[in-house]
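# Report on the structure
Spelled out, the chains give:
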Amino acid sequence: MSLAVVLVSVAQPHAVLAAGSVQQIKTEKDAKPETGATFKPAPYDDKLVQLAEILGSLDFIRNLCERGTEPQWKTMMGQLLDSDAKEEPARREKLTAAYNRGYRTFSAIQTTCSTQLRATAERYRIEGATLATEIATRYGN
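Residues numbered from 1 in each chain as written. Predicted model: local features only at pLDDT ≥ 70, side-chain atom pairs only at ≥ 80, totals over all residues. Heavy atoms only, no water.

### Considering the nonpolar core
Counting residues in each nonpolar core, the largest one holds 28 residues, and the members touching the most others are Leu48, Leu55, Met77 and Leu95. Sorting the residues of this core by element identifies α2 (45-65), α3 (72-84), α4 (89-107) and α5 (115-139) as the ones contributing at least two each. The element contributing the most residues to this core is α2, with 11 residues. (Core = buried A, V, L, I, M, F, W, Y, C linked by side-chain atoms within 4.5 Å. Buried < 20%, exposed > 50% of the residue type's maximum accessible area, 1.4 Å probe, protein only. Helix = DSSP H or I, 4+ residues; strand = E, 2+ residues; numbered from the N terminus.)

Right, dumping it as structure tokens:
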């Protein structure tokens, strides 16, 4: 799946659904850069890190507020990792850490779903869609 498809899916979360675990994405312990390999960030990496953090936050909120639904945010993060960081373990680890940080930020303070939390999720969806559009428009595929 291309980066553009994954990014567009953020704006339309119900377009990409797949069964899977609702637990956080785990960093691959075996995924270490080869000796001598250097991590060269893409020009859009900062925005991609923000997007990964938003996806993690949205996944936690979905788990809390919409139990029993498909884990679309985790699925999208997996697709994003596969399309944009498949052969770059250090980059994959950075994006995974951002996703987990977003997830943990809300899990540390939220224990019940509320109207305010649902409103926060909607704001994050809009922010994520804006980031996704910006990345796809500016940097393309």
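Moving on, there is more to tell.
### Focus: the packing of α2 against α4
Look at α2 against α4: their axes get within 7 Å of each other, and the N-to-C directions meet at 40 degrees. On the basis of the axis angle, α2 is oblique to α4. In this structure, α2 crosses over α4, and the sense of that crossing is right-handed. Contacts between α2 and α4 involve Asp45, Leu48, Val49, Ala52, Glu53, Leu55, Gly56, Ser57, Asp59, Phe60, Ile61 and Asn63 on the former and, on the latter, Arg91, Lys94, Leu95, Ala98, Tyr99, Arg101, Gly102, Tyr103, Phe106 and Ser107. Among the residues making up the contact of α2 with α4, the classes are represented as 11 nonpolar, five polar and six charged. (Axes fitted to C-alpha atoms, helices over the stretch in contact; angles between N-to-C directions. Parallel < 35°, antiparallel > 145°, perpendicular 65-115°, else oblique. Left-handed = near helix turned anticlockwise from the far one by under 90°. Contact = heavy atoms within 4.5 Å. Nonpolar A, V, L, I, M, F, W, Y, C, P; charged D, E, K, R; others polar.)

### What about the packing of aromatic side chains?
All told, the structure shown has three aromatic pairs when counted by the stated rule. Here phenylalanine 60 and tyrosine 103 contribute two aromatic rings whose centre-to-centre distance is 5.4 Å and whose plane-to-plane angle is 85 degrees, an arrangement assigned as edge-to-face. Of this pair, phenylalanine 60 sits in helix α2 while tyrosine 103 sits in helix α4, and the two are 43 residues apart along the sequence. Residues phenylalanine 60 and tyrosine 103 agree in their burial class; the two are buried. (Phe/Tyr/Trp six-rings, centres within 6.5 Å; stacked < 30°, edge-to-face > 60°.)

### Describing the state of the cysteines
Here, disulfide denotes a covalent bond that connects the sulfur atoms of two cysteines. Applying the stated criterion across every chain yields a total of one disulfide. Note on cysteine connectivity: cysteine 65 is disulfide-linked to cysteine 113, with sulfurs 2.0 Å apart. Classification of the bridge connecting cysteine 65 and cysteine 113 rests on its S-S torsion, roughly 105 degrees, and on that basis the disulfide is right-handed. Of the two residues, cysteine 65 sits in helix α2 while cysteine 113 sits in the loop between α4 and α5, which places them 48 residues apart along the sequence. (Disulfide = S-S within 2.5 Å.)

### Here we look at the pattern of salt bridges
Using the criterion set out here, one finds nine salt bridges in the structure. A salt bridge links lysine 47 to glutamate 134, with the shortest nitrogen-to-oxygen separation between them at 2.7 Å. Within this pair, whereas lysine 47 is found in helix α2, its partner glutamate 134 is found in helix α5, the two being separated by 87 residues in sequence. Taking relative accessible area as the criterion, lysine 47 reaches 22% and is therefore assigned partly exposed. (Salt bridge = Lys/Arg side-chain N within 4 Å of Asp/Glu carboxyl O.)

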